[in-house]
Amino acid sequence: MPASELAELRSVIRNTTHADEIASVEALLERAEQALTPAQRSRILARSRSLVARCRESSSHPGALDAFLQEFGLTNPEGVALMCLAEALLRIPDETTADKLIAEKIGAGDWQAHLGKSRSHVVNASVWGLMLTGRLVTLDSELATDIDGWMRRLVNRLGEPVVRTAVIQAMRILARQFVLGRTIDEALQTDNGQREPHDLYSFDMLGEGARTWSDAEQFYTSYSNAIDTVGLGESATDPKMANGISLKLSALHPRYEQAQRDAVLNDLGVKLLALAMKARSYGLGFSIDAEEASRLDLSLSLFETLARSPELSHWNGLGFVLQAYQKRAPAIADWLISLGLETGRQIMVRLVKGAYWDAEIKHAQEQGFADYPVFTRKTNTDLSFEVCATRLLQAPRAIYPQFATHNAATVCQVIELAGNREYEFQRLHGMGQLLYDELFNELGTSIPLRIYAPVGSHRDLLPYLVRRLLENGANSSFINRFLDARTPIDELVQDVLFRVRSEISLRHPEIPRPADIYRHAGEPRENARGIDLNDPRACHSLLEAVQTAASQFHTAAPIVDGVKSTGESEPVLNPADGSTVGRLVTSSHGDVDRALDCAQAAQAEWNRQGGDCRAAILERAACLLDSHRAELMALIGAEAGRTIADAQAEVREAVDFCRYYALQARRKFENPTKLPGPTGEHNELSLHGRGVFACISPWNFPLAIFIGQITAALAAGNCVIAKPAEQTPLTGSKAVQLLHAAGVPAEVLHFLPGEGSVIGAELVTDHRVNGIAFTGGTDTARQINRLLAGREGPIVPLIAETGGQNVMLTDSSALPEQLVDDVIGSAFGSAGQRCSALRVLYLQEEIADSAIEMLLGAMATLVIGNPLLLETDVGPVIDAAACASLQAHVSQMEQMERSARLLGRCQLPDACMKGTFFAPQIFEIDSINQLDHEVFGPVLHVIRYQIADLDRV
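Draft legend 1. Region of the structure containing the side chain of Gln-323. Note on placement: Gln-323 falls in strand 4 (residues 318–323). Residue Gln-323 is classed as buried on the basis of its relative accessible area of 7%. One polar contact links the side chain of Gln-323 to the main-chain carbonyl oxygen of Glu-291, over a distance of 3.2 Å. Residue contacts for Gln-323: discarding those within four places in its chain leaves Ala-290, Glu-291, Ala-329, Val-352, Lys-353, Gly-354 and Tyr-356.

Draft legend 2. Up close: the pairing of strand 25 (residues 939–945). Of all 7 residues in strand 25, 6 are buried, a share of seventy percent or more. Alignment of strand 22 (residues 840–844) against strand 25, held across 5 bridges, turns out to be parallel. Residue pairing for strand 25: Leu-841 is matched across the bridge by Val-942. Pairing geometry for strand 24 (residues 921–925) and strand 25, over 4 bridges, is parallel.

Draft legend 3. Looking closely at the pattern of salt bridges. The full count for this structure, using the stated rule, is 61 salt bridges. Its salt-bridge partner being Arg-14, residue Asp-297 comes within 2.8 Å of it at the nearest N-O pair. Of this pair, Asp-297 sits in helix 14 (residues 296–308) while Arg-14 is found in helix 1 (residues 3–15), placing the two residues 283 residues apart along the sequence. Given a relative accessible area of 5%, Asp-297 falls into the buried group. Through salt bridges with shared partners, a single network forms among Arg-10, Arg-14, Arg-261, Asp-297, Glu-304, Arg-308 and Glu-342.

Draft legend 4. How the structure looks around the packing of helix 27 (residues 610–627) against helix 29 (residues 644–669). Relative orientation of the contacting elements helix 27 and helix 29 amounts to 170°, with a least axis distance of 8 Å. Classified by the interaxial angle, the pair formed by helix 27 and helix 29 is roughly antiparallel. By residue class, the composition of the contact of helix 27 with helix 29 is 15 nonpolar, 2 polar and 6 charged.

Draft legend 5. Local environment of the pairing of strand 6 (residues 399–404). Burial analysis of strand 6 places 6 of its 6 residues in the buried class, which makes it a mostly covered element. Residues Ile-399, Pro-401 and Phe-403 point to one face of strand 6 and Tyr-400, Gln-402 and Ala-404 to the other, with burial holding for every one of them. Where strand 5 (residues 347–352) and strand 6 come together, 5 bridges link them in parallel fashion. From the neighbouring strand, Arg-350 faces strand 6, where its bridge partner is Gln-402. The pairing of strand 6 with strand 7 (residues 424–428) spans 3 bridges and is classified as parallel. The partner of Ala-404 across the bridge, within strand 7, is Gln-426. The β-α-β motif built from strand 6, the intervening helix 18 (residues 408–418) and the parallel element strand 7 has right-handed crossover chirality.

Draft legend 6. Highlighting unusual backbone geometry. Positive phi outside glycine occurs at His-314, with the angle close to 60°. Along the polypeptide, His-314 turns up in the loop between helix 14 and strand 4. Positive phi, normally seen in glycine, also occurs at Ala-831, with a value near 55°. Note on placement: Ala-831 falls in the loop between helix 34 (816–828) and strand 22.

Draft legend 7. Expanded view of the sheet that holds strand 21 (residues 807–810). Read across the sheet, 5 strands follow the order 21-22-25-24-23 without closing on themselves; strand pairing throughout is mixed. Only two strands of the sheet have a single partner each, and these edge strands are strand 21 and strand 23 (900–905). Sheet twist, expressed as the average angle between the axes of neighbouring strands with direction ignored, equals 25°. Of the strand pairs in this sheet, strand 23 and strand 24 are connected by 5 bridges, and their pairing is antiparallel. Looking across to strand 24, one finds that Leu-902 is bridged to Phe-923. Sitting on the sheet, helix 35 (residues 845–859) is in contact with strand 21, strand 22, strand 23, strand 24 and strand 25, with an inclination near 135° to strand 22.

Draft legend 8. Quick look at the environment of Ile-347. Considering the arrangement of structural elements, one finds Ile-347 in strand 5. Sequence separation of Ile-347 and Leu-318 is 29 residues, and the distance between their C-alpha atoms is 5.7 Å. In contact with Ile-347, other than residues within four places in its own chain, are Phe-303, Leu-318, Leu-336, Leu-339, Gly-340, Ala-398, Ile-399 and Tyr-400.

Rules used in this analysis
Residues numbered from 1 in each chain as written. Predicted model: local features only at pLDDT ≥ 70, side-chain atom pairs only at ≥ 80, totals over all residues. Heavy atoms only, no water. Helix = DSSP H or I, 4+ residues; strand = E, 2+ residues; numbered from the N terminus. Buried < 20%, exposed > 50% of the residue type's maximum accessible area, 1.4 Å probe, protein only. Polar contact = N/O pair within 3.5 Å; in protein donor to acceptor, adjacent residues only side chain to side chain. Contact = heavy atoms within 4.5 Å. Pairing = 2+ DSSP bridges. Salt bridge = Lys/Arg side-chain N within 4 Å of Asp/Glu carboxyl O. Axes fitted to C-alpha atoms, helices over the stretch in contact; angles between N-to-C directions. Parallel < 35°, antiparallel > 145°, perpendicular 65-115°, else oblique. Nonpolar A, V, L, I, M, F, W, Y, C, P; charged D, E, K, R; others polar. Right-handed = clockwise from strand over helix to strand, strands pointing away.

Shape is all these values report; function is a separate question.
In structure tokens form, the structure reads like this:
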């Protein structure tokens, strides 16, 4: 197939990322109706129901994880408690924190309800509570009648090491059900003792993705050694008949994300090829595992590079994992088939349902995407699995299909679809054994069965696997109800086509589109639209528009009653390189006086317009801000040094402010609220504007806070004098022009750029100003407060948002990778120039060294540079004065040799020398009292503490 057709299919995949779910499902239904006849669907149902019935009647015990999910799924607090323990307990190094976690989780459960109910000895209460010596013991009659009381008494004696040891041992037993071995050698020994004649393995050195270059190198070494170890013990030369290796690409690169695309493709391409060539030399299978939807395009690019590599030609061990819950799945299947045909290879494709569903849903909602990358209904995912399975089976020259499922209906469906074609089944280690044993007893045939086998330390691996297992613990999942006799088999096993058609809606009614999440929650407003920066198609268009807009020259000048002043101007500089972004005409005393007179005269009429009128204007403003996204992002990046991601987030926040305050205007300022009249009187409460508000905004959010202050005041019926930060007048000017274009009367909103000490002071002391909204430093807020207090007449309200020492407190139960992600994002995102930025990190002593090591490694991966480039993580600080202030603080820290120690500092690239960049850095200090002011920039302070001092800290 010509490369142009492959590129066209790749385009289809990208266009389907956030496609409308209803349209996607309708397309699936059309394809599914052609795949199977009614007679075939009847056979599938009959075989599925028979298979479930035989499994329920079997004398064999289910796998430990199957039994665990049946007894302790997400349907009861005990299951959640055990999941929480399994996720955290083994990594906690100190006894105090472990005891507290055990007390909290075990002490709240109704354990007696589960006593002896499971078919698995591992899952029964004796495993969870009574392994006092590290071995199973039998419940005596007293404990058997009051296990809840026994648990509570046990928790009350948590200081005794025997109890802690017992619960930790229980977690280790659970870990052994998940993990085939802690090392590949141990896994192979387990394999040799348990492997059925038709069983194969796909080994995975699983765990959290790399956060540092050191992590990535260790994972690479682990994968390389695993290939050697498995390969040396493998006799088969055909990858279909041999064990294989699965790779998680985010483990091989600390920045496996679209923003770092070029670096990832260059760095990872070489490593992947070396690993694949080694796997080929042993005749092993080599599969690229599936991850979050945001990483799919990167994975496809890397996989195509491998498939086209001359060094791997005529080798059919290359594999890819396809997630059926993604709406792109059918298009990816078509692309993989085309790639296999063009490169003359048979690609191993493992078809799975998908395991990151919750995260995908929440991420799309937070980012305001057009729709979700995944289906909102489980039935839609099942339908997608059927369609993809059909397509993969239809291309035996290009695809060797591998079907990963523990669902009896799906298994029987694959058998019907496949006929005599070649394929294999896959299951997770510890799950599905009973199902496949019964299936193979019926078929009397040796369909290959490959076991997906995680390998790694229980401490590191169990947390990751528990979060993946949560997907299968959902109340509605097949696994959770498979062996539950209370669930009728006819209800459990249904034809997927019938189930989808019988739904009232093709999308889940309780999961609205991201744009509608507020409406669904009862707020009649739209979520601000976001463009997916991990979608190459959408991101490319946005970045092109931003670069075009960045070349424009802007001017800012006072706008009074709609008229833009003229006069002498001064340059507005780009903090990234010192270039001129535009020019500024500073407000004069006459501008201030005219603006106040005009606003004061216009306020009464603006107030009379009512909430509905003002709301309609603000909603139009939201639409205008959204449509000018690229221009505003370019301004925010060039004038304030904000990165692409930060700039888009700020535009979305500004849009959200407009819609939120429009809603408040309608709710609170349109109709009076009727109050009780106990003696028959008529009482009403109505809200009105106070007069003229001066809105004084900061440079670190030149659009969002600027718009937020203004729209809040306008919504309430006030006229506004908008004074932007001295460093960011161009963004403020553009915002005011858009508000005027949306319908805010020129006499109601005025723009006065200039120095805060001059313009701000004049506004604060003028009697025509009836309120102040201010965001900035605490000292300035106090000064404004004192000036307002000295004015004669009514008390003038001051709404002040100021900074402080933002602290994160971390105990030893924290997942290190999540901790590092959050710390790096909060401390160094926006160059640390957010009021909410992390300034002080308290680390429990027992985890401090390892956490600091990972933090320093993650900090070293940050990209510092031009904020208008997508790959940039950290842009400049706002100006030379900010740089000098930060340097003064660092110098002070460096002089405190005994109580302050520099842990690490990023290196600034040569390209940063023209701008006001400040290298992210981390200091360790002894006490928060060493910080006498907020350090407004990318400097993090770490303090160690003992868990016994937690309350004092």
